[in-house]
Amino acid sequence: MDPELPEPSTDVVSVPSQPSTAHSEPDAQGPSEGGDSGTMSQDAEVDMKEVELNEMEPEKQPMNAASGAAVAGGAEKNGLVKIKVADDDAEAAAAAKFTGLSKEELLKVAGSPGWVRTRWALLLLFWLGWLGMLAGAVVIIVRAPRCQPLPAQSWWHKGALYRIGDLQAFQGGNAGSLEGLKGHLDYLSTLKVKGIVLGPIHENQKDEFSGTNLEKIDPTLGSKEDFDNFLQSSKKKSIRVILDLTPNYKSQYSWFQPTHHDELFAKMKDALSFWLQAGVDGFQFRHVETLPNANVLLTEWQNITKSFSEDRLLIAGTALSDLNLILKLLEPTKDLMMTNSYLSAPGSTENMESLISSYVNTTDEGCRTWALSQGALMTNFVPPPLLRLYHLLFFTLPGTPVFSYGDEIGLEAATLPGQPMKAPVMPWDESSDPGMSGSGSANLTSVEEQSKDPDSLLSLFRRLSDQRGKERSLLHGKFYVLASESNIFSYVRQWDQNTRFLVLLNFGNTQQTMHWKSSNLPDGGSLPAEVKLMLSTKSGRKEGSLLGVKSLTLEPHEGLLLHFPYEA
């Protein structure tokens, strides 16, 4: 009889909460029970997949765990269960990410009929837009008004000339020299003048031909080295130097007696070449109307000057005031500038519009100058209330304005009884004494004082000179006189598409209101309804204010410089 097999055990196996260690005691049960228990314990650990019940972050421990009390009866501690995510779940999450189309798939989609039609439509729109912009640009360029080419201009066309005939009177004090004149170049720069007409400064004994040397500096004024240094300093300031070579300048007979003319004119040609080589920018001769065969001589001297350089200037001065005689002297020469007394003839103020219109119409702009004489002060011909008008007039007319030193401050020449007229001394500061020098008026202030006053004649001179050098319409714009029923001289300066300037001058003693006969401009346009005020020769008007053209009223002896934009 076979032996009876034992029945399987029905005992419940308890899984310890802590893993067994090498020092744990052997189980009290028999070998069969211990073997079963070990097998079950191993299977339980595998099935749990590394579930750890006792490991826990300190900050997440229960509050009673802090006391360190043990859980009675071997109960398990409360803890955090950490579960290791299965590898299959991680792979599934990675597979859920978008990977895009492959190259083969993109090529397949791009070749579909829908995308092909879309690409052709976008390409067509691009080229149509590009061609449209190109056509628009061409239309704008073709229809836009073209800028006129600027006329060729030399340096003397771009600003005023400033005459310094007497170095000692200009510098003040008991002595004047070329070295001292160099110290006044900064002042001349503030006047924005383009050149100075210097002297005469050559050696000359009154009415003595043998005592006159056209190539030697008067020793009382300096040496040739001093002159060279002055030339270099003036060039650094962009100021040109024109040398007055009137030979017998200390006498009333500027060209000596006829018996010396042949020898004098031969020396004159040598002197021109000498000073051109020295670096001067031109020459001036006064009283040319007293020269025999003046046309021939002026043409010859002009050719010598221009053959050296086209950038050199020749100025002829005359006391003539008759326009026909002036034009006769200018007739055979080219680009010869002439200062004269045309505008200082008696009654010229009342007839200013006619005089200027005639002069502009009969002279070439390239050689046209505006001056009241060949060397005297403006105050010799113009009363003080009109000085500001003449400054505004000269700086806004087409041509080169020419001033004598002191004109910018209203310097006057005074004669003492029984004494010959002397050149007035320039009052640089309050230490100057015009009365002691025989010059100046009681109301004349110094250069220093006028420089501080924005309403002074000097401030007006500086501002007008600056504007003339900046504005194209004032530099080479057309000149057009506007007719009016009032006694106001009015004209417009305009160039191409640049700002236009309207000048109004009331030479009368009474208030005048503009009554236009015509406001048409030479380009087919007309004056706008409003113009902007740039400056007035009288204080009280607000610069930059808009003024109605049909209601303009000028005070006695007032001048206005107005401007308005170009309109196509």
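Starting from 1, residues in each chain are numbered consecutively following that chain's sequence as written. Totals for whole chains, interfaces and linings use every residue, but because this is a predicted model, local features are given only for residues with pLDDT of at least 70 and side-chain atom pairs only at 80 or more, for both listing and counting. Derived side-chain values reflect all non-hydrogen atoms in the structure, with water molecules and hydrogen atoms excluded from consideration.

Q: Please provide a residue-by-residue account of the confidence of the model for the protein chain, values included.
A: Predicted coordinates in regions of low pLDDT should not be interpreted in detail. Summary of the metric used: pLDDT quantifies the predictor's per-residue confidence within the range 0 to 100. Per-residue confidence for the protein chain gives a mean pLDDT of 82; residues scoring 70 or more make up 79%. The low-confidence segment residues 434-442 (pLDDT under 50) makes 11 contacts with residues lying over four places distant or belonging to another chain. Whether two residues touch is decided by their heavy atoms; if any such pair falls within 4.5 Å, the residues are in contact.

Q: Please give an account of the UniProt feature "transmembrane region" (unreviewed entry) in the protein chain that cites residues and values.
A: UniProt positions are given in the numbering used here, feature names are shortened, and annotations may be inferred rather than shown by experiment. UniProt feature "transmembrane region" (unreviewed entry): in the numbering of this structure it lies at residues 120-142. Counting from the N terminus, the helices are the DSSP runs of H or I reaching at least four residues and the strands are the DSSP runs of E reaching at least two. Annotated as 100% helix and 0% strand, the span residues 120-142 places its first and last C-alpha atoms 33 Å apart.

Q: I'd like a rundown of the sheet that holds strand β5 (residues 240-244), residues and numbers included.
A: For two strands to count as paired, DSSP must find a minimum of two bridges between them. Spatially, the 8 strands line up as an open sheet ordered β8-β7-β6-β5-β2-β1-β10-β9, and their pairing is parallel. If you trace the sheet from one side to the other, it starts and ends with β8 (337-339) and β9 (369-370), each paired once. Relative to strand β7 (residues 313-317), strand β6 (residues 282-285) is paired through 4 bridges, and the arrangement is parallel. Residue pairing across strands places Gly 282 opposite Leu 313, the latter belonging to β7.

Q: Can you explain the pairing of strand β2 (residues 195-198)? Please cite residues and give values.
A: Both faces of β2 are covered, namely the face carrying Gly 195 and Val 197 and the face carrying Ile 196 and Leu 198. Across 4 bridges, strand β1 (residues 161-164) lies against β2 in parallel orientation. Considered in β2, the bridge of Tyr 162 is made with Ile 196. Bridge count for β2 against β5 is 4 bridges, and the pairing is parallel. Note on exposure labels: buried denotes an accessible area under 20% of the residue type's maximum, exposed denotes more than 50%, and partly exposed covers the range between, all computed with a 1.4 Å probe on protein chains only.

Q: Summarise the sheet that holds strand β11 (residues 478-481); cite the residues concerned and give the values.
A: With respect to topology, 6 strands assemble into an open sheet ordered β11-β12-β13-β18-β15-β16, the strand pairing being antiparallel. Single-partner strands in this sheet number two, and they are β11 and β16 (546-548). Between one strand axis and the next, the sheet turns by 35° as a mean value, whatever way the strands run. Pairing analysis gives 6 bridges linking strand β13 (residues 500-505) to strand β18 (residues 559-564), with the strands arranged antiparallel. Each bridged residue has a counterpart across the sheet, and for Leu 504 the counterpart in β18 is Leu 560. Sheet contacts for helix α12 (residues 352-362): β11 and β12 (489-494); angle to β11, the most-contacted strand, approximately 145°. A fitted line through C-alpha atoms serves as each axis, taken over the contacting stretch for helices, and the angle formed by two N-to-C directions is quoted from 0 to 180°. Contacting β15 (530-536) and β18, helix α16 (residues 457-470) runs over the sheet at an angle of about 130° to β15.

Q: Could you give an account of the packing of aromatic side chains, naming the residues involved and the relevant values?
A: Between 30 and 60 degrees the pair is tilted, below 30 it is stacked and above 60 it is edge-to-face, where a pair is any two Phe, Tyr or Trp rings, Trp via its six-membered ring, whose centres lie within 6.5 Å. Counting across every chain of the model gives 24 aromatic pairs. Centroid distance Trp 127 to Trp 130: 6.0 Å. Interplanar angle 75°. Geometry classified as edge-to-face. Here Trp 127 pairs with Trp 130, and both are found in helix α4 (residues 113-143), just 3 residues apart, close to one helical turn. Classification of Trp 127 by relative accessible area gives partly exposed; the value is 44%. On the accessibility criterion, Trp 130 (40% relative accessible area) is partly exposed. Seen from their ring centres, Phe 274 and Trp 275 are 4.9 Å apart, and the 80° between their planes marks the pair as edge-to-face. Taking the relative accessible area as the measure of exposure, Phe 274 reaches 29% and is therefore partly exposed.

Q: Explain the pairing of β5 residue by residue, including any values.
A: By the criterion of burial, β5 is predominantly enclosed, with 4 of the 5 residues buried. Relative to β6, β5 runs parallel, the two sharing 3 bridges. In the strand pairing of β6, Asp 244 is matched with Gln 284. Consider the strands pointing away from the viewer: the crossover is right-handed when the path from the first strand over the helix to the second runs clockwise. As a crossover connection, the stretch from β5 through helix α9 (residues 261-278) into β6 is right-handed.

Q: Pulling in residues and values, what's your account of the nonpolar core?
A: Throughout, nonpolar core names a set of buried Ala, Val, Leu, Ile, Met, Phe, Trp, Tyr and Cys residues whose side chains join them through atoms within 4.5 Å. Within the largest apolar cluster, 99 residues are counted, with the highest numbers of intra-cluster contacts made by Tyr 162, Leu 188 and Trp 301. Ignoring any residue separated from it by four or fewer positions in sequence, one finds Trp 301 in contact with Trp 255, Phe 265, Met 268, Lys 269, Leu 272, Phe 285, Leu 291 and Leu 314. The next biggest cluster of nonpolar side chains, apart from the first, holds 18 residues, and it includes Leu 502, Leu 504, Leu 527 and Leu 533.

Q: Tell me about the pattern of salt bridges, and name the residues and values.
A: Throughout this description, the term salt bridge denotes a Lys or Arg side-chain nitrogen within 4 Å of a carboxyl oxygen of Asp or Glu. Scanning all chains against the criterion turns up 14 salt bridges. We note a salt bridge from Lys 182 to Glu 179, for which the minimum N-O separation is 3.6 Å. Remark: Glu 179 and Lys 182 occur in helix α6 (residues 178-182); sequence separation between them is 3 residues, near one turn of the helix. Here Lys 182 falls in the partly exposed class, since its relative accessible area comes to 27%. Classification of Glu 179 by relative accessible area gives partly exposed; the value is 43%.

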